[in-house]
2 protein chains.
Amino acid sequence: MIKIIVDCFGGDHSPDANIDGAIDALQRFEDLSIILTGDEAILKAKLAERSYPADRIEIVHAPEVIGCEDKPTDAIRLKRNSSMMKGIMMLRDDDSVAGLVSTGSSGALVTGALIRIGRLAGVIRPAFCPVLPTMDGGIVGICDSGANVEVKPDMLRQFAIMGSIYMETVYGVKKPRVALLNVGVEAEKGDTLRQEAYKLLEETECINFVGNMESRDLLSGKYDLVVCDGFSGNVLVKSTEGTALELLKMLKKNIFSRTIYKIGALFMKKMFSDMKSFMDYQNYGGSVLIGTSKVVVKGHGSSKAKAIEKCIEQAYRMEAGAIGPRIETELVKYSHYEE
Amino acid sequence: MIKIIVDCFGGDHSPDANIDGAIDALQRFEDLSIILTGDEAILKAKLAERSYPADRIEIVHAPEVIGCEDKPTDAIRLKRNSSMMKGIMMLRDDDSVAGLVSTGSSGALVTGALIRIGRLAGVIRPAFCPVLPTMDGGIVGICDSGANVEVKPDMLRQFAIMGSIYMETVYGVKKPRVALLNVGVEAEKGDTLRQEAYKLLEETECINFVGNMESRDLLSGKYDLVVCDGFSGNVLVKSTEGTALELLKMLKKNIFSRTIYKIGALFMKKMFSDMKSFMDYQNYGGSVLIGTSKVVVKGHGSSKAKAIEKCIEQAYRMEAGAIGPRIETELVKYSHYEE
């Protein structure tokens, strides 16, 4: 049985979306059990309205909620009874619990995970690794997308190793093609960080490094994993998602601007809905935090049930694929580069 | 008369696009004159096929071409007879020449401009400032988009000042709303560079600083100028352009996948063509290099005549608006922050 905690508060559609996503995940995976954290009275009332496998779901009372306005370091210290911190502490203390899914504050989650849960052996810093859909129907992972705004070359190498194992374990990508995010494709491009990282990545045998990638090629399908510092990774992911969303909005607005366009759109209804669904992050789960000693998945704040279910699936597959031991086994080979 | 050099080689559609763009610009601006650099025989033959205002166009022979494979420092030293380097040297030596437009190698252009032309008084480092269309029909400038992969807080402040003057001079934007690219909107977000830059920008009276911006909001229309280091600026611009292009390609591919979609698309032909044109960078000119002592504009390598014409317009308006003296006047007020 794989046991995963779902933090039921802190998201835009909490707790309903979190509860529904948990129940959907339980229906898909028979060896999964879930602990819901949050206000017990509310969770009990919500569960009473639904049908669910009662033997594989339990509630842990945690009446407080960490908001975006809470400073992460204060939040983890002062809000010990929050749905997120209760989850983090259980993850730390209970060996039978494998992972945590949360749609709450990223900052509090990263800080809480780092300070309370700690890292796998050999990991310098855990990193976020969300995935985006590519134009050829595949996916691409981006590591790091924001956990570390300042990095060093050996950290980028670790992101490449951990991200490769993640793409293989959770998505079945064989020998993931790893690229380094840079301002040009030539080896000598970029700042000192990128030049040094390029050399390190080139000599790392356990990964399939294919060179530098310019951000415009992220969705091209030519890469399975892009390695970057958390600052530019954050810029990359959010601008890609933002541009896609703005264009869809523009398309919609334009269609509604003239009757003839509305008529045309009727013929293309399925196509537009397919495109919308293709670009909907809800279908791709959350940002997993790779490198912590237990599995942590951060869902979008605006996650609905489907996204939560995907986040739980990510955590489940990471645990089922024994990602922790696999990362530790690989990293030890390169431990002379550690801080 | 405002005299501008057009480097006629080094672009994907050179020299035809460059020549056509130059002629179109001459027709729009009566006090503009143009010097074409490149192989004289080729340029003469091309001009002979066209009608143009002969009294305002001249050719300067430069038989060599700098390619993307040329290392910038070698290119500027060894290819003195290239269309780009001839242009740069004329810009430096001839007081009557105001600016240079080139679609050749960015690296060679930046290096050549820095070493041969030099900076305006007070400028630490010149920066690229392309503009992109926003969803409300406006534009947004991004400074720096790649000239400086490593920056310091006082450089970011200078990008804000120079970029503001540029947006006002060339596009008539009053009191441009300036944002700092960051991983979140709160003042304390990001690395030390961002935190220090935030404070500097806040206390700079001559700009209209409105706070941090997340990359997903670039096209929202809420900002007129985004300030960033050249690495993340490059990631931002290329991922925005790349995502837009990939989505358009996907839309096209989907439409052609089924007859019913093709029928629907017939009703929406004008809408799709408007959207394509809206997102076509050819309509927004090139990346101007702000902070060099004379005007330098870098066009996309794939620029067609329309884009070249826009690049020339940008150079023309920068000179007509006396952007150099205006930048020097503002920067001197903050010179205690210079290196």
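Treat the numbers as computed from the prediction; the structure is a model and nothing was measured.

(A) Examining the interface of chain A and chain B more closely. Between chain A and chain B, the residue contacts involve 49 residues of the former and 50 residues of the latter. The interface formed by chain A and chain B includes 2 salt bridges. Its salt-bridge partner being K238 of chain A, residue E214 of chain B comes within 2.2 Å of it at the nearest N-O pair. Of all the secondary-structure elements, those providing two or more residues to the side of chain A that touches chain B are α7 (192-202), α8 (230-255), α9 (259-267) and α10 (269-279) of chain A. Tallied by class, the residues present in the side of chain A that touches chain B amount to 24 nonpolar, 14 polar and 11 charged.

(B) Expanded view of the sheet that holds strand β8 (residues 177-181) of chain A. Residues and elements named next belong to chain A. Here 5 strands make up an open sheet; going across it, the order is β6-β7-β10-β8-β9 and the pairing mixed. The open sheet has two edge strands with one neighbour each: β6 (131-133) and β9 (208-213). Recorded for the sheet is a direction-independent mean angle of 30 degrees between the axes of neighbouring strands. Sheet contacts for helix α6 (residues 153-171): β6, β7 (139-143), β8 and β10 (225-227); angle to β10, the most-contacted strand, approximately 160 degrees.

(C) Local environment of unusual backbone geometry. Backbone torsion omega between C143 of chain A and D144 of chain A reads 10 degrees, so that peptide bond is classified as cis. Along the chain, the position of D144 of chain A falls in the loop between β7 and α6. Going from S14 of chain B to P15 of chain B, the amide bond is cis rather than trans, its omega being -5 degrees. The topology assignment puts P15 of chain B in the loop between β1 (2-7) and α1 (16-28).

(D) Spotlight on the side chain of E241 of chain B. The topology assignment puts E241 of chain B in helix α8 (residues 230-255). Buried and unpaired, E241 of chain B has R216 of chain A as its nearest opposite-charge partner, separated by 4.4 Å. In this structure, E241 of chain B is in contact with R216 of chain A together with L132, Y281 and H300 of chain B, ignoring residues within four places of it in sequence.

(E) Molecular detail of the packing of helix α4 (residues 83-93) of chain A against helix α5 (residues 106-117) of chain A. Residue and element names in this part refer to chain A. With their axes 10 Å apart at the nearest point, α4 and α5 run at an angle of 30 degrees to one another. In terms of orientation, α4 lies roughly parallel with respect to α5. The hand of the α4/α5 crossing is right-handed. On the side of α4, the interface is formed by M84, M85, I88, M89, L91 and R92, while α5 contributes A108, L109, G112, A113, R116 and I117. Across the contact of α4 with α5, the residue classes tally to 9 nonpolar, 1 polar and 2 charged.

(F) Highlighting the side chain of N182 of chain B. If you trace the backbone, N182 of chain B turns up in the loop between β8 (177-181) and α7 (192-202). Relative accessible area serves as the criterion here: at 0%, N182 of chain B is assigned to the buried category. For N182 of chain B, the residues in contact, after removing those within four places along its chain, are F231 of chain A together with K189, G190, R194, N212, M213, E214 and S215 of chain B.

(G) Inspection of the sheet that holds strand β10 (residues 225-227) of chain B at higher detail. Residues and elements named next belong to chain B. What the 5 strands build is an open sheet, ordered β6-β7-β10-β8-β9; its pairing is mixed. The open sheet has two free edges, formed respectively by β6 (131-133) and β9 (208-213), since each of these has just one partner strand. Going across the sheet, the axis of each strand differs from the next one's by a mean of 30 degrees, ignoring polarity. The sheet contact formed by β6 and strand β7 (residues 139-143) spans 3 bridges and is antiparallel. Of the residues in β7, the one forming a bridge with L132 is V140.

(H) Quick look at the confidence of the model for chain A. Of all residues in chain A, 99% attain a pLDDT of 70 or more, and the chain-wide mean is 94. Two numbers describe this predicted complex: its pTM, 0.93, and its ipTM, 0.92.

(I) Geometry of α5 of chain A. All names here are of chain A. The end-to-end C-alpha distance of α5, which contains 12 residues, comes to 15 Å, matching closely the 16 Å that a straight helix rising 1.5 Å per residue would cover. Of all the positions in α5, only A108, L109, V110, T111, G112, A113 and I117 are classed as buried. Check the buried side of α5 and you find it contacts α3 (72-78), α4, β4 (97-102), β5 (127-129), β11 (287-290) and β12 (295-298). Within two residues after α5, G118 carries a phi angle of roughly 85 degrees, on the positive side.

(J) The environment of S82 of chain B, seen in detail. Residue and element names in this part refer to chain B. Residue position: S82 is located in the loop between α3 (72-78) and α4 (83-93). Aside from chain neighbours lying at most four places away, what touches S82 is A62, E64, V65 and I66. At a separation of 2.7 Å, a polar atom in the side chain of S82 contacts the main-chain carbonyl oxygen of K79.

Conventions adopted
- Residue numbers run consecutively from 1 along every chain, following the written order of its sequence.
- Written order determines the labels here, with chains lettered from A and ligands numbered from 1.
- Per-residue local features are limited, in this predicted model, to residues with pLDDT of at least 70; the limit for side-chain atom pairs, both in listing and counting, is 80 or more; totals at the level of whole chains, interfaces and linings are taken over all residues.
- Side-chain calculation: all heavy atoms of the structure are included, whereas hydrogens and water are not.
- Here, two residues are considered to be in contact whenever any of their heavy atoms come within 4.5 Å of each other.
- The term salt bridge refers to a side-chain nitrogen of Lys or Arg lying within 4 Å of a carboxyl oxygen of Asp or Glu.
- Secondary structure elements follow DSSP: runs of H or I no shorter than four residues count as helices, runs of E no shorter than two count as strands, and numbering proceeds from the N terminus.
- Only Asp, Glu, Lys and Arg are considered charged, only Ala, Val, Leu, Ile, Met, Phe, Trp, Tyr, Cys and Pro nonpolar, and every remaining residue, Gly among them, polar.
- Here, strands pair whenever DSSP counts at least two bridges between them.
- Here, axes are lines fitted to C-alpha atoms. For helices the fit covers the stretch in contact, and angles between N-to-C directions go from 0 to 180 degrees.
- Any residue under 20% of the maximum accessible area for its type is buried, any over 50% is exposed, and the rest in between are partly exposed; the area is computed with a 1.4 Å probe on protein chains only.
- Asp and Glu are treated as the negative residues and Lys and Arg as the positive ones, with His and the ends of the chain left uncounted.
- The cut-offs work like this: below 35 degrees is roughly parallel, past 145 is roughly antiparallel, 65 to 115 is roughly perpendicular, and the gaps in between are oblique.
- We call a crossing left-handed when the near helix sits turned anticlockwise from the far one by less than a right angle, and right-handed when that turn is clockwise.
- The score called pLDDT rates the predictor's confidence residue by residue, from a low of 0 to a high of 100.
- By this rule the span expected of a helix is its residue count minus one, scaled by 1.5 Å.
- N or O atoms closer than or at 3.5 Å make up a polar contact, with two conditions inside protein: a donor-capable atom paired with an acceptor-capable one, and, for residues adjacent in sequence, both atoms drawn from side chains.

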